[in-house]
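Structural overview for review
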Amino acid sequence: MSRIVVPELLRAAQLKASDPASSIWVSANAGSGKTHVLTQRVIRLLLKGVPPAKILCLTFTKAAAAQMATRVFDTLATWTNLDDAALREAVRETGAPSPSRTDLLLARRLFTRTVETPGGLKIQTIHAFCERLLHLFPFEANVPARFEVADDVRQATLLAGAKRDAIAEAHRSTGALGAALSRIAEEVGSASIDKLIGEAMRARAPALRWSLADPQDRLPALLGGGGLSVEAVERDMIDGGIAPAEWPEIAAFFATGSTNDQKRSAKLGIALQAYTDYGAERSSRTHAVATYLAVFFTKDGPAKALMTKGLAARRPDLLAELITEQARLVDLLEARKTAETIERTQALLA
Ligand SMILES: Nc1ncnc2c1ncn2[C@@H]1O[C@H](COP(=O)(O)OP(=O)(O)OP(=O)(O)O)[C@@H](O)[C@H]1O
Ligand SMILES: [Mg+2]
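Residues numbered from 1 in each chain as written. Chains lettered and ligands numbered in written order. Predicted model: local features only at pLDDT ≥ 70, side-chain atom pairs only at ≥ 80, totals over all residues. Heavy atoms only, no water.

1. Here we look at the domain arrangement of the protein
Annotation of the protein at the domain level lists domain 1 (8–141), domain 2 (152–202) and domain 3 (230–349). When each unit is reduced to the centre of its C-alpha atoms, the spacing between domain 2 and domain 3 is 35 Å. Each side of the interface is counted separately: domain 2 has six residues, and domain 3 has six residues. In this assembly, domain 2 packs against domain 3 so that about 610 Å² is buried in total across both faces, 62% of it on carbon and sulfur atoms. (Domains from an automatic or database assignment. Contact = heavy atoms within 4.5 Å. Buried area = accessible area lost by both parts, 1.4 Å probe.)

If you want it as structure tokens, here you go:
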């Protein structure tokens, strides 16, 4: 065995921490000997004659459990071959008291004893431990008796099946579930719907809390927006400001201006056409709204000049009216975002 020189201070701290008589919390840098301390602790318990079956070590990862087990068993295996002097030294190095003759005998047999005791030394992950607890107390834990934990592959298969069934059911539904699915389908394609459901599943604990607690009420309360639907906001965008009946006159006035005014005139003309075509369909309403918004907004936000100087000089009253309308639409755009978020979230929860 190669020897590493362990600084005296560290060694003293390790010895103290591996004393099984005290309850200890260790937090230390990577590679500084945490696992070593735990291993020593287990070995010192065994040296004291504690039955291996009474020792339980919990780790977070499988790798850490394997490492612990390997170190404990490697040490004990080495001890089977040491002569008395070397074994005494090895035992003392763990921090245990200097061993008597009987102690040495015990130490040499620890390997066999630990390996051979049925249900012996338990070094396992916390997941495995919890699973075992649940198996022991299914009734108390409200889980099916003899349940199985699905591995990743099985989980994926089960989930894919459940997803398929749920989507098929929603597709057949003419009620709220069907509406929710169409709402989501409007937003995402078939590839992303899978991703979306996957993400929702990962957040299923909070999501469940929401859907059980009637998201219909809570979302608007949290997000604001006055409880208006997207449809109500969009109707307000078109009908609540400059009335469509006035649009032709404004478009005609714009047409008498310079290039930019004429462009705006054309846009208003398109909006009017869309508005005229606008029926009950959500898509045509959205189209009418989008074209009307294009009169007041560029892709970067609110248009800076709503008409050129020449026109503004002729109709300052109209310019003022347009600026007011633009501000009204800015607020409504915010309200629409809120309403959309609420509706999409409700659909996703459903
Ligand atoms: N007192 C000691 N005597 C002999 N070897 C030691 C001692 N302390 C630590 N080591 C050795 O140093 C190395 C790193 O220690 P260990 O793996 O226990 O650290 P760790 O803090 O658990 O590391 P990690 O953060 O990677 O989990 C190991 O090879 C271990 O055997
Ligand atoms: Mg470690």
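2. Notes on the environment of A13
Here A13 lies in helix α1 (residues 8–17). By relative accessible area, which is 45% here, A13 ends up partly exposed. For the pair formed by A13 and A232, sequence separation is 219 residues and the distance between their alpha carbons is 69 Å. (Helix = DSSP H or I, 4+ residues; strand = E, 2+ residues; numbered from the N terminus. Buried < 20%, exposed > 50% of the residue type's maximum accessible area, 1.4 Å probe, protein only.)

3. A few points about the packing of helix α2 (residues 34–47) against helix α3 (residues 62–79)
As a packed pair, α2 and α3 sit with axes 10 Å apart at the nearest point and diverge in direction by 50°. Classified by the interaxial angle, the pair formed by α2 and α3 is oblique. Considering only the axes of α2 and α3, their crossing is right-handed. In contact with T35, H36, L38, T39, V42, I43, L46 and L47 of α2, α3 contributes Q67, M68, R71, V72, T75, L76 and W79. (Axes fitted to C-alpha atoms, helices over the stretch in contact; angles between N-to-C directions. Parallel < 35°, antiparallel > 145°, perpendicular 65-115°, else oblique. Left-handed = near helix turned anticlockwise from the far one by under 90°.)

4. Regarding the side chain of T291
For T291, the position within the fold is in helix α16 (residues 282–296). In contact with T291, not counting residues within four places along its chain, are K267, I270, A271 and A274.

5. What about the packing of aromatic side chains?
A complete count under the given rule lists four aromatic pairs for this structure. Consider the rings of W247 and Y292, whose centres lie 4.4 Å apart with planes at 10°: the pair is stacked. With W247 in helix α14 (residues 247–255) and Y292 in helix α16, the pair connects residues that are 45 residues apart, well separated along the chain. Taken individually, W247 and Y292 each receive the classification buried, so the pair is uniform in this respect. Taking the centre distance of 5.3 Å and the plane angle of 75° together, the rings of Y292 and F296 count as edge-to-face. Within this pair, Y292 and its partner F296 are both found in helix α16, separated by four residues, close to a single helical turn. With respect to class, Y292 is no different from F296; both count as buried. Clustering of aromatic rings is evident, with ring pairs tying together W247, Y275, Y292 and F296. Just above the ring of F253 sits the side chain of R315; from NZ or CZ to the centre is 5.7 Å. (Phe/Tyr/Trp six-rings, centres within 6.5 Å; stacked < 30°, edge-to-face > 60°. Lys NZ or Arg CZ within 6 Å of the ring centre and 35° of its normal.)

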